[in-house]
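One letter stands for each residue in the lines below.
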Amino acid sequence: GAPGLATSAPRKTLGGRGLGPSDVVFEAVRAVGGMEVAVELQAVARLGLAATAIGLAQAGFEAALRYSQQRTTFGKPICQHQAIQLKLADMATRITASRALLSRAAERLDADGTDDAGAIMARLDAAETAAFVTLEAMRIHGGYGYTTEFPVERYYRDAARLLTAPPDPEAERRELARRWAGGESR
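All of the points below concern the structure found in this document.

Reading guide: rules and limits
- Residues numbered from 1 in each chain as written.
- Predicted model: local features only at pLDDT ≥ 70, side-chain atom pairs only at ≥ 80, totals over all residues.
- Heavy atoms only, no water.
- Helix = DSSP H or I, 4+ residues; strand = E, 2+ residues; numbered from the N terminus.
- Buried < 20%, exposed > 50% of the residue type's maximum accessible area, 1.4 Å probe, protein only.
- Contact = heavy atoms within 4.5 Å.
- Areas by Shrake-Rupley, 256 points an atom, 1.4 Å probe, with all protein chains shown as cover.
- Lys, Arg positive; Asp, Glu negative; His and termini not counted.
- Charge placed at Lys NZ, Arg CZ, Asp CG, Glu CD.
- Phe/Tyr/Trp six-rings, centres within 6.5 Å; stacked < 30°, edge-to-face > 60°.
- Lys NZ or Arg CZ within 6 Å of the ring centre and 35° of its normal.
- Patch = residues over 30% accessible without salt bridge, like charges linked within 9 Å, V, L, I, M, F, W, Y side chains within 5 Å.
- Salt bridge = Lys/Arg side-chain N within 4 Å of Asp/Glu carboxyl O.
- Expected span 1.5 Å × (residues − 1).
- Core = buried A, V, L, I, M, F, W, Y, C linked by side-chain atoms within 4.5 Å.
- Polar contact = N/O pair within 3.5 Å; in protein donor to acceptor, adjacent residues only side chain to side chain.
- Axes fitted to C-alpha atoms, helices over the stretch in contact; angles between N-to-C directions.
- Parallel < 35°, antiparallel > 145°, perpendicular 65-115°, else oblique.
- Left-handed = near helix turned anticlockwise from the far one by under 90°.
- Nonpolar A, V, L, I, M, F, W, Y, C, P; charged D, E, K, R; others polar.

## Comments concerning the overall build of the protein
Item 1. Counting its regular elements, the protein contains five helices and four strands.
Item 2. Walking the protein from its N terminus toward its C terminus, one meets helices and strands in the order β-β-α-β-β-α-α-α-α.
Item 3. Based on the C-alpha atoms only, the size of the protein along its principal axes is roughly 65 × 40 × 25 Å.
Item 4. Looking at the 186 residues of the protein, the share that counts as buried comes to 34%.
Item 5. Within the protein, counting contacts between residues at least 6 apart in sequence, those at least 24 apart form 66% of the total.
Item 6. Surface exposure of the protein reaches about 11000 Å², of which carbon and sulfur atoms provide 57%.
Item 7. When the 23 basic and 22 acidic side-chain charges of the protein are each reduced to a single mean position, those positions are 6 Å apart.

Take a look at the structure:
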């Protein structure tokens, strides 16, 4: 309802259905704060995407762990099979590492509002972690992981969206590479 601000109707998407993505259009709106504020706002948005991805990965991990404790083969829960244990260990390790990277990025941004490299890395890593973990969760569920009977199929669809959410992940990688090639230490 603000003058100069309009939004489009929400688009139908494969995942992230609760978010209702739509376009935001600014017409004759005056920006206040300059480039430093824009950089910090974008970094905070990246941290939010990273946190969302980590939460999604954690939900996928917990669903897979629960299922593996309940599902039995050869007379024992599948969580007692080494192949499943290795998957769960890899999932937990990736989530923990992503969480640490996010925490460090938030600390860096808090100390220097223009230091957004950590936020870029945290967002990229967390999105890839969410995709990895939710796919492994589907695999642990076997054929049930592809059904709507269990939530892991939804987690997987939502994780796929985070791999392509704006700003473009490949553009962010190029930006980091440009900075490092130019000698920036961020």
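## Examining the packing of aromatic side chains
Item 1. Across all of its chains, the model carries two aromatic pairs by this definition.
Item 2. Ring centres of Tyr67 and Phe150 lie 5.4 Å apart, and the angle between their planes is 80°; this geometry places the pair in the edge-to-face category. Placement of Tyr67 in helix H1 (residues 34-70) and of Phe150 in the loop between helix H3 (117-141) and helix H4 (152-162) is noted, with a sequence separation of 83 residues between them.
Item 3. Judged by its relative accessible area of 8%, Tyr67 falls in the buried class.
Item 4. Between Arg94 and the ring centre of Phe132, over which it is positioned, the NZ or CZ distance is 4.4 Å.

## Description of a negative patch on the surface
Item 1. On the surface, a cluster of negative charge is contributed by Glu36, Glu40, Asp110 and Asp112.
Item 2. Following the sequence through the fold, Asp110 ends up in helix H2 (residues 82-111).

## What to know about H2
Item 1. Compared with an ideal rise of 1.5 Å per residue, which puts 30 residues at 44 Å, H2 spans 43 Å between its outermost C-alpha atoms and is within 8% of the ideal.
Item 2. Against H1 and H3 lie the buried residues of H2.

## Here's the deal with the nonpolar core
Item 1. Formed by 32 residues in total, the largest nonpolar core has its most connected members in Leu88, Met91 and Ile140.
Item 2. A per-element tally of this core places H1 first, with eleven residues.
Item 3. In this structure Met91 touches Gly60, Phe61, Ala64, Phe132, Val133, Glu136, Ala137 and Ile140, once residues within four positions along its chain are discounted.

## Observations regarding H3
Item 1. The end-to-end C-alpha distance of H3, which contains 25 residues, comes to 36 Å, matching closely the 36 Å that a straight helix rising 1.5 Å per residue would cover.
Item 2. Counting buried positions along H3 yields 19 of 25 residues, so the element is predominantly enclosed.
Item 3. Following H3 by one or two positions, Gly142 adopts a phi angle in the positive range, close to 65°.

## Points about the environment of Asp168
Item 1. As for its placement among the helices and strands, Asp168 is situated in the loop between H4 and helix H5 (169-181).
Item 2. Note: C-alpha distance between Asp168 and Arg139 (29 residues apart in sequence) is 28 Å.
Item 3. Among the polar contacts listed, one links the side chain of Asp168 to the backbone nitrogen of Ala171, at a separation of 3.1 Å.

## Some points on a nonpolar patch on the surface
Item 1. Judged by side-chain polarity, Leu5, Val24, Phe26 and Val29 come together as a nonpolar surface patch covering roughly 360 Å² of accessible area.
Item 2. In this structure, Val29 sits in the loop between strand E2 (24-26) and H1.
Item 3. Accessibility expressed as a relative area gives 41% for Val29, which makes it partly exposed.

## Examining the packing of H1 against H2
Item 1. With their axes 10 Å apart at the nearest point, H1 and H2 run at an angle of 160° to one another. Considering the angle they form, H1 stands roughly antiparallel to H2. Crossing hand, H1 versus H2: left-handed.
Item 2. When the residues that make up the contact of H1 with H2 are grouped by side-chain class, the tally is 19 nonpolar, four polar and two charged.

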